[in-house]
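Tertiary structure, described
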Amino acid sequence: MNSIRVRLGVIGLALLTGLTTPNAASAAPAAPSPTVEEQRLGRAAPQEILRRSGFDTVAPRLARALEAARTYEEARRAVTREGARLWQRAVDRAQGRGPAGGDLSRDDDRPLYWARLGMTREVRTWEPDFGLTDGQRAALLDELERASRGQDAIRYPHGKGLKRILLTGFDPFTLDRDVRISNPSGATALALDGTVVETADGPARIETAVFPVRWRDFTDGTVERTLRPHLPKVDLFTTVSQGRVGRFDIERTNGAWRGGFGDNENVGRTETVPVADPASQPQWTTTTLPYAAIVAAPTGRFPVYDNTSVTEIPAGGTQPVVRPEGPTPGSTARAGGGGDYLSNEIAYRATLLRDRLGLRDTLPGGHVHTPVLQFGAGNTTEVTDPDFVRNRLDIIAQVRAILRVAAEGK
């Protein structure tokens, strides 16, 4: 996830009314076809990943639950239950609890991604006898997305003496380039959810959630809806995504621009990042992570950089200009340090929300780009290999170390 390099990359707030007041009186339309994302499920690599992790049972289990549902409310409960069960199962597997379900390494984030798509395909194509309106189906899909991504499971213990850290990751992306791709930020979210890191100032509890690589979900406010209840209560937050080969970047500045790169639905968007109250929307937001301390600390085998570069249209200008030292006054954003894709956008949205909540001076938060997760040399067909696993484990461990330093930083 970055700008000119490999640029990364639920249903919206307007559908929330469908969660509570489904219009049962409307005529039930025909079930829609699977999405572009869901259609990739039939490829050999996703099927192997599901089979070798034991997650090939997830979608059939939901299908049976839907078949047994006799009302919309029964279906809604089943979808919420099975979505939450998938998230917890993925977290447990990543953290060594329960059976592995197969020989795929436990640190792998891909079983969660592909199993979720199997579930959303079941909901999308389900045609119950009692009929289902478009609003009801959309509400079920929204429930499933939130529950299976940990977005509604962020909870911290009560009491004093425990810091609270919030971390977000992403799904795999650029899957038409290589359907085997894993995203180390999603793997990190699974590995660290609910864990405690010891800092010089005491223990810190980490809670996590994963976001889709889809422009429409961001337009519909999934980031703000998930983070708004928690930012006033945490001591630190960081959005995380995959960035450049061989390095970590702490992104100093985030830009209010979408550069048009296709998402997991093969949809592009080229526009100003759409947010509430656009009249007060800034072109840039900045990190409040202790970047100097993070860069100086020995956190792992990958180098960590304080990335200050942006791309802007200068005040009075018409053409984009790269600014290695950050934006100039009055400029218009064309790429933040993290590019102009969804990694930049989640960083922009999270830090803008921080500022609009009045937390700019008190809450450390920003974006961390991980190294690109690479397969071993010569592996162009296998879904995993020892170097692939080692690289992912090292990235996860280094993010954890970065969080420790950030929690101690001033």
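Rules of the game
Residues numbered from 1 in each chain as written. Predicted model: local features only at pLDDT ≥ 70, side-chain atom pairs only at ≥ 80, totals over all residues. Heavy atoms only, no water. Helix = DSSP H or I, 4+ residues; strand = E, 2+ residues; numbered from the N terminus. Rg over C-alpha atoms; globule rule 2.2 N^0.38 Å. Buried < 20%, exposed > 50% of the residue type's maximum accessible area, 1.4 Å probe, protein only. Areas by Shrake-Rupley, 256 points an atom, 1.4 Å probe, with all protein chains shown as cover. Lys, Arg positive; Asp, Glu negative; His and termini not counted. Charge placed at Lys NZ, Arg CZ, Asp CG, Glu CD. Phe/Tyr/Trp six-rings, centres within 6.5 Å; stacked < 30°, edge-to-face > 60°. Pairing = 2+ DSSP bridges. Axes fitted to C-alpha atoms, helices over the stretch in contact; angles between N-to-C directions. Contact = heavy atoms within 4.5 Å. Polar contact = N/O pair within 3.5 Å; in protein donor to acceptor, adjacent residues only side chain to side chain. Salt bridge = Lys/Arg side-chain N within 4 Å of Asp/Glu carboxyl O. pLDDT = per-residue confidence, 0-100.

With that settled, consider the overall build of the protein chain. When helices and strands are tallied, the protein chain shows 13 helices and 14 strands. Taking 22 Å as the expected radius of gyration for a compact globule of 410 residues, we find that the protein chain reaches 21 Å, a close match to that expectation. Along the longest, intermediate and shortest principal axes, the C-alpha atoms of the protein chain span 60 × 50 × 50 Å. Across the 410 residues that make up the protein chain, the buried fraction comes to 57%. Accessible surface, the protein chain as shown: approximately 16100 Å² in total, 53% of it carbon and sulfur. Between the mean site of the 53 positive side-chain charges and the mean site of the 50 negative ones, the protein chain shows a separation of 2 Å.

To continue, consider the packing of aromatic side chains. Tallied over the full model, the rule gives nine aromatic pairs. Aromatic side chains tryptophan 215 and tyrosine 341 sit 5.4 Å apart centroid to centroid with 75° between the ring planes, which places their arrangement in the edge-to-face category. On the criterion of sequence distance, the pair formed by tryptophan 215 in helix H9 (residues 215-219) and tyrosine 341 in the loop between strand S13 (332-335) and helix H12 (342-356) is long-range, its members being 126 residues apart. Here the aromatic rings of phenylalanine 375 and phenylalanine 388 are separated by 4.1 Å at their centres, their planes lie at 10°, and the arrangement is stacked. With phenylalanine 375 in the loop between strand S14 (365-370) and helix H13 (386-408) and phenylalanine 388 in helix H13, this residue pair connects regions lying 13 residues apart in the sequence.

A few words now on the sheet that holds strand S12 (residues 321-323). Strands sit in the order S12-S11-S13 across an open sheet of three strands; the sheet is antiparallel. Of all strands in the sheet, those bounded by a partner on one side alone are S12 and S13. When the angles between neighbouring strand axes are averaged without regard to direction, this sheet yields 45°.

A few words now on the sheet that holds strand S4 (residues 236-242). Within the open sheet, the seven strands sit side by side as S2-S3-S1-S4-S14-S5-S10. Their pairing is mixed. Edge positions in the sheet fall to strand S2 (196-199) and strand S10 (304-307), since each has one partner strand and no second. Across the sheet, the axes of successive neighbouring strands diverge by a mean angle of 25°, strand direction being ignored. Alignment of S4 against S14, held across six bridges, turns out to be parallel. Within S14, the residue paired with threonine 238 across the bridge is glycine 366. Relative to strand S1 (residues 163-170), helix H8 (residues 184-192) is tilted by about 145°, and along the sheet it contacts S1, strand S3 (202-211), S4 and S14.

When you line up the elements, lysine 233 lands in the loop between helix H10 (222-227) and S4. Measuring from C-alpha to C-alpha, the distance between lysine 233 and arginine 116 comes to 29 Å, with 117 residues separating the pair along the chain.

Next up on the list: the side chain of asparagine 264. Tracing the sequence through the fold places asparagine 264 in the loop between strand S7 (257-259) and strand S8 (270-272). Looking at asparagine 264, the relative accessible area reads 1%, which means it is buried. Within the structure, asparagine 264 has its side chain in polar contact with the side chain of glutamate 37 (distance 3.5 Å). Of the polar contacts made by the side chain of asparagine 264, one reaches the backbone oxygen of proline 172; its length is 2.8 Å. Each residue touching asparagine 264, except ones within four places of it in the same chain, is listed here: Val36, Glu37, Arg40, Tyr113, Asp171, Pro172, Phe173, Thr174, Leu175 and Val213.

Next up on the list: the pattern of salt bridges. Under the defined criterion, the tally for this structure stands at 38 salt bridges. The partner of aspartate 103 in a salt bridge is arginine 52, and the shortest N-O contact between them spans 2.8 Å. Here the residue aspartate 103 occupies a position in the loop between helix H5 (72-94) and helix H6 (110-125), and arginine 52 occupies one in the loop between helix H3 (44-51) and helix H4 (58-68), the gap between them amounting to 51 residues. When its relative accessible area of 56% is taken as the criterion, aspartate 103 is described as exposed. Between glutamate 207 and arginine 205 there is a salt bridge; the shortest N-O distance is 2.9 Å. Because the salt bridges share partners, they merge into one network encompassing Glu37, Arg116, Glu145, Arg149, Asp171, Arg214 and Asp217.

With burial as the criterion, each face of strand S5 (residues 248-251) is covered, one bearing Phe248 and Ile250 and the other bearing Asp249 and Glu251. Where S5 and S10 come together, four bridges link them in parallel fashion. Paired with phenylalanine 248 across the bridge in S10 is valine 304. Across three bridges, the pairing between S5 and S14 is antiparallel.

This part is about H3. Of all the positions in H3, only Ala45, Pro46, Glu48, Ile49 and Leu50 are classed as buried. Lining the buried residues of H3 we find H6.

This brings us to the confidence of the model for the protein chain. The predicted model of the protein chain has a mean per-residue pLDDT of 93, with 92% of residues at 70 or higher. Overall, residues 1-26 carries pLDDT values under 50, and its contacts beyond four positions in sequence, including any with other chains, amount to 83 contacts.

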